[in-house]
Amino acid sequence: MTGRLEAVSIRGIDACATRQEVIQVLAEVIPGWTGVNYVSELRPMLNSMQAITLIAEKWVIKALEKERTIRIGMVRCHVERRIELPRCFRCWEYGLAGRKCKGTDRSGLCYRCGGEGVVDMPATESIGLE
């Protein structure tokens with residue numbers, strides 16, 4: 001089952017948890033999830049907590065949203081949908097301007113560093129559920 005990809009953030013993960021542990025919990029919580037999506041690396045937050053972002057099909061995100069919190073290790077972590085704001089592909093400003101855009105043309109620059117050349121970032125990657 002494929003569809004439009006959406007993003008969700010999981011916050012409040014214990015500092016001792018690993019990315020693989022989070023992936024295993026997600027596989028248990030979401031029936032039918034094969035693990036073929038984009039799962040970011042764990043990033044630090046305040047108070048020795050971590051956060052992670054999952055980009056997946058809409059049905060996976062809806063299944064996670066129903067839970068609202070999931071248990072990862074000894075901690076109940078909060079699940080929040082990430083709202084993607086549309087950006088102009090030409091100047092990178094928020095809002096869709098497209099051909100009518102009068103801003104600086106940044107379409108040939110890297111989204112991460114602003115340097116010359118385009119860096120392709122895949123929307124999905126395979127993750128092992130070992």
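Placed above this text is the structure.
Residue positions are counted from 1 within each chain, in the order its sequence is given. Restriction of local features to residues with pLDDT of at least 70 applies here, the model being predicted, together with a cutoff of 80 or more for giving and counting side-chain atom pairs; totals for whole chains, interfaces and linings are based on all residues. The basis for the side-chain values is all heavy atoms of the structure; hydrogens and waters are excluded.

Where do I start with helix 2 (residues 58-67) in this structure?
Two residues of an α-helix separated by three or four positions point the same way, owing to the 3.6 residues in each turn. Only protein chains enter the accessibility calculation, which uses a 1.4 Å probe. A residue is then buried if its area is under 20% of the maximum for its type, exposed if over 50%, and partly exposed in between. Numbering of helices and strands runs from the N terminus; a helix is a DSSP stretch of H or I covering at least four residues, while a strand is a stretch of E covering at least two. Those residues of helix 2 not exposed but buried are Val 60, Ile 61 and Leu 64. The arc that holds the buried residues of helix 2, viewed along the axis, is 95 degrees, so those residues lie on one side. A positive phi of about 65 degrees marks Arg 68, the residue just after helix 2. Directions pointing from the helix axis toward each C-beta atom define the arc.

Even after reading the chapter, I still don't get the pattern of salt bridges, so can you show me in this structure?
A pair can form between side chains of opposite charge whenever their charged atoms are brought close. Any Lys or Arg side-chain nitrogen found within 4 Å of a carboxyl oxygen on Asp or Glu counts as a salt bridge. Throughout the structure, instances matching the rule amount to five salt bridges. Note that Glu 6 is salt-bridged to Arg 4, the shortest N-O span being 3.6 Å. In this structure, Arg 81 engages Glu 65 in a salt bridge whose closest nitrogen and oxygen atoms are separated by 2.5 Å. Placement of the pair is Arg 81 in strand 6 (residues 75-82) and Glu 65 in helix 2, with a sequence separation of 16 residues. Look at the salt bridges and you will find they share partners, linking Arg 4, Glu 6, Glu 65 and Arg 81 into a network.

Even after reading the chapter, I still don't get the nonpolar core, so can you show me in this structure?
Proteins that are soluble and globular tend to have nonpolar side chains buried together. Residues grouped as a nonpolar core are buried Ala, Val, Leu, Ile, Met, Phe, Trp, Tyr and Cys residues, joined through side-chain atoms within 4.5 Å. If you look at the biggest cluster of nonpolar residues, it comprises 23 residues, and the most contacted ones within it are Ile 10, Ile 13, Leu 26, Leu 54 and Ile 72. Mapped by element, the contributors of at least two residues to this core are strand 1 (5-14), helix 1 (19-29), strand 4 (49-57), helix 2, strand 5 (69-72) and strand 6. Here this core takes four residues from helix 1, the largest share from any one element. In this structure, Ile 10 is in contact with Leu 26, Gln 50, Ala 51, Ile 52, Ile 70, Ile 72, Cys 77, His 78 and Val 79, ignoring residues within four places of it in sequence. Here, two residues are considered to be in contact whenever any of their heavy atoms come within 4.5 Å of each other.

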